[in-house]
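Here is what each chain is made of, one letter per residue.
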Amino acid sequence: MKKYLPPAAILFAAFLWSLDGILRQNLSDVSSLLIVMCEHVIGALLFLPFLIRGWNEIKSLNQRTWGSILWISICGGVLGTFFYTKALSYVDFIDLSVVVLLQKFQPIFAILLASVVLKEKLTKQFILLASLAFLGGYLVTFGIGPIVFTDEKTFIAVLLSLLAAFSWGSSTVLGKHALTSLPFTTVTALRLTLTAILTVAIFGFTQSSGDIFSLNLDHWKTLFLIVISTGSVALFIYYYGLKQLPASHTTIYELFWPLSAVFIDWFYRGRMLDPAQLAGAVLLLTAIITLTREPRKSLD
């Protein structure tokens, strides 16, 4: 039973991320950078005890591990979140497929980088399951029809989503590298802290400090809710799973995000799944469940 906890952690984090777009609708009138800065500052304060507890380990990190930490803080924390939030604003939180599109490319980036950087072995069974997962994810999002970009804003949102895909896909791999030297609690706290410092510095140079005072009580409530659910807490749960799983497998489990997002859209907005989407859901779930049942020795 214990071997299922890491995959379950990734799946649960992915489910929480699928709720993120709904929560961020309440922040549509707030700048993307301000959102990223506030949620990371709050998250860094929340996880400060873990940073203090792991300080001795942090001081002994080598240069390569620091490079990985900085990468996930900048790309995973600042750029990935910024591109994702900006993409949502371009589609006015309506076109779910644009947001989910990034999930089709993120695993490709992560799997290739995991093979090159972390030397993870990709078995024939894994490649088959990954292919089924990609196909299932595509069908869940788009059905049988081709991807159609109806206007300029949608096209820009796709480009932003692809940038987020690379940022997060590479961060999965570099995050895995950092976790070989530090506990997942320390990595979470350190990443949040560095990202908070970076975003505060960028915000200070590019925007007016008065923008912070434009946030009303509802904005702050939403930001705190994001931190304790889809933001910092989801990241904490995710790093627990990533600590014990190969990066290439982790990124496939993350495809549960588009699946759960589409089902949430079904229940939340009443948009029914068509037969092709249901077939895709079956394919995606089958691939994920089969992957969790692989012998642990083949994951190392």
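Remember, predicted model here, so these are calculated numbers, not experimental data. (Residues numbered from 1 in each chain as written. Predicted model: local features only at pLDDT ≥ 70, side-chain atom pairs only at ≥ 80, totals over all residues. Heavy atoms only, no water.)

(A) Here's a closer look at the overall build of the protein. Assigned secondary structure in the protein consists of 15 helices and zero strands. When contacts within the protein are restricted to residue pairs at least 6 apart in sequence, long-range pairs at least 24 apart make up 90% of them. (Helix = DSSP H or I, 4+ residues; strand = E, 2+ residues; numbered from the N terminus. Contact = heavy atoms within 4.5 Å.)

(B) Seen up close, the nonpolar core. Counting residues in each nonpolar core, the largest one holds 60 residues, and the members touching the most others are I69, V187, L190, Y238, Y239, I252 and W257. In terms of residues, this core owes the most to one element, helix 9 (residues 152–179), which gives eight residues. Sequence-distant contacts of Y238, that is, excluding residues within four places in its chain, are made with I10, A13, W17, T172, T250 and E254. By size, the runner-up hydrophobic cluster in this structure holds 14 residues, among which are L27, L33, I35 and V227. (Core = buried A, V, L, I, M, F, W, Y, C linked by side-chain atoms within 4.5 Å. Buried < 20%, exposed > 50% of the residue type's maximum accessible area, 1.4 Å probe, protein only.)

(C) How the structure looks around the pattern of salt bridges. Scanning all chains against the criterion turns up two salt bridges. Linking R24 and E39 is a salt bridge whose minimum nitrogen-to-oxygen distance equals 3.0 Å. Placement of R24 in helix 2 (residues 20–24) and of E39 in helix 3 (residues 32–46) is noted, with a sequence separation of 15 residues between them. Relative accessible area serves as the criterion here: at 5%, R24 is assigned to the buried category. Residues participating in the shared-partner salt-bridge network are D20, R24 and E39. (Salt bridge = Lys/Arg side-chain N within 4 Å of Asp/Glu carboxyl O.)

(D) Representation of unusual backbone geometry in the model. Even without being glycine, K119 reaches a positive phi, approximately 60 degrees. If you trace the backbone, K119 turns up in the loop between helix 7 (96–117) and helix 8 (124–142). Take K119: its relative accessible area is 64%, and that puts it in the exposed class.

(E) Expanded view of the confidence of the model for the protein. In this model, the protein carries a mean pLDDT of 83, and residues with pLDDT of at least 70 account for 86%. Per-element confidence in the protein is highest for helix 4 (residues 48–53), whose mean pLDDT is 96, and lowest for helix 7, whose mean pLDDT is 70. (pLDDT = per-residue confidence, 0-100.)

(F) View of the packing of aromatic side chains. For the coordinates displayed, the defined rule picks out seven aromatic pairs. Taking the centre distance of 5.0 Å and the plane angle of 50 degrees together, the rings of F184 and F236 count as tilted. In this pair, F184 sits in helix 10 (residues 184–206) while F236 sits in helix 12 (residues 232–244), placing the two residues 52 residues apart along the sequence. Pairwise contacts between aromatic rings join F47, F50, F184, F236 and Y240 into one cluster. (Phe/Tyr/Trp six-rings, centres within 6.5 Å; stacked < 30°, edge-to-face > 60°.)

(G) Representation of helix 12. Relative to the 18 Å expected for 13 residues at 1.5 Å per residue, helix 12 spans 19 Å between its end C-alpha atoms, a close match to the ideal helical length. Taken together, the buried positions of helix 12 are S232, A234, L235, I237, Y238, Y239, G241 and L242. (Expected span 1.5 Å × (residues − 1).)

(H) A look at the packing of helix 10 against helix 12. Viewed as axis vectors pointing N to C, helix 10 and helix 12 meet at an angle of 140 degrees, and their least axial separation amounts to 9 Å. On the basis of their axis angle, the class for helix 10 and helix 12 is oblique. Handedness of the helix 10/helix 12 crossing: right-handed. Contact residues: helix 10 offers F184, T185, V187, T188, R191 and L192, while helix 12 offers S232, L235, F236, Y239, Y240 and K243. (Axes fitted to C-alpha atoms, helices over the stretch in contact; angles between N-to-C directions. Parallel < 35°, antiparallel > 145°, perpendicular 65-115°, else oblique. Left-handed = near helix turned anticlockwise from the far one by under 90°.)

(I) Highlighting the packing of helix 1 (residues 5–18) against helix 12. For the pair helix 1 and helix 12, interaxial distance at closest approach is 8 Å and the crossing angle is 150 degrees. Accordingly, the angle class assigned to the pair helix 1 and helix 12 is roughly antiparallel. Both helix 1 and helix 12 take part in a crossing whose hand is left-handed. When helix 1 is examined against helix 12, the residues L5, P6, A9, I10, F12, A13, L16 and W17 are found in contact with a partner set consisting of A234, I237, Y238, Y240, G241, L242 and Q244.

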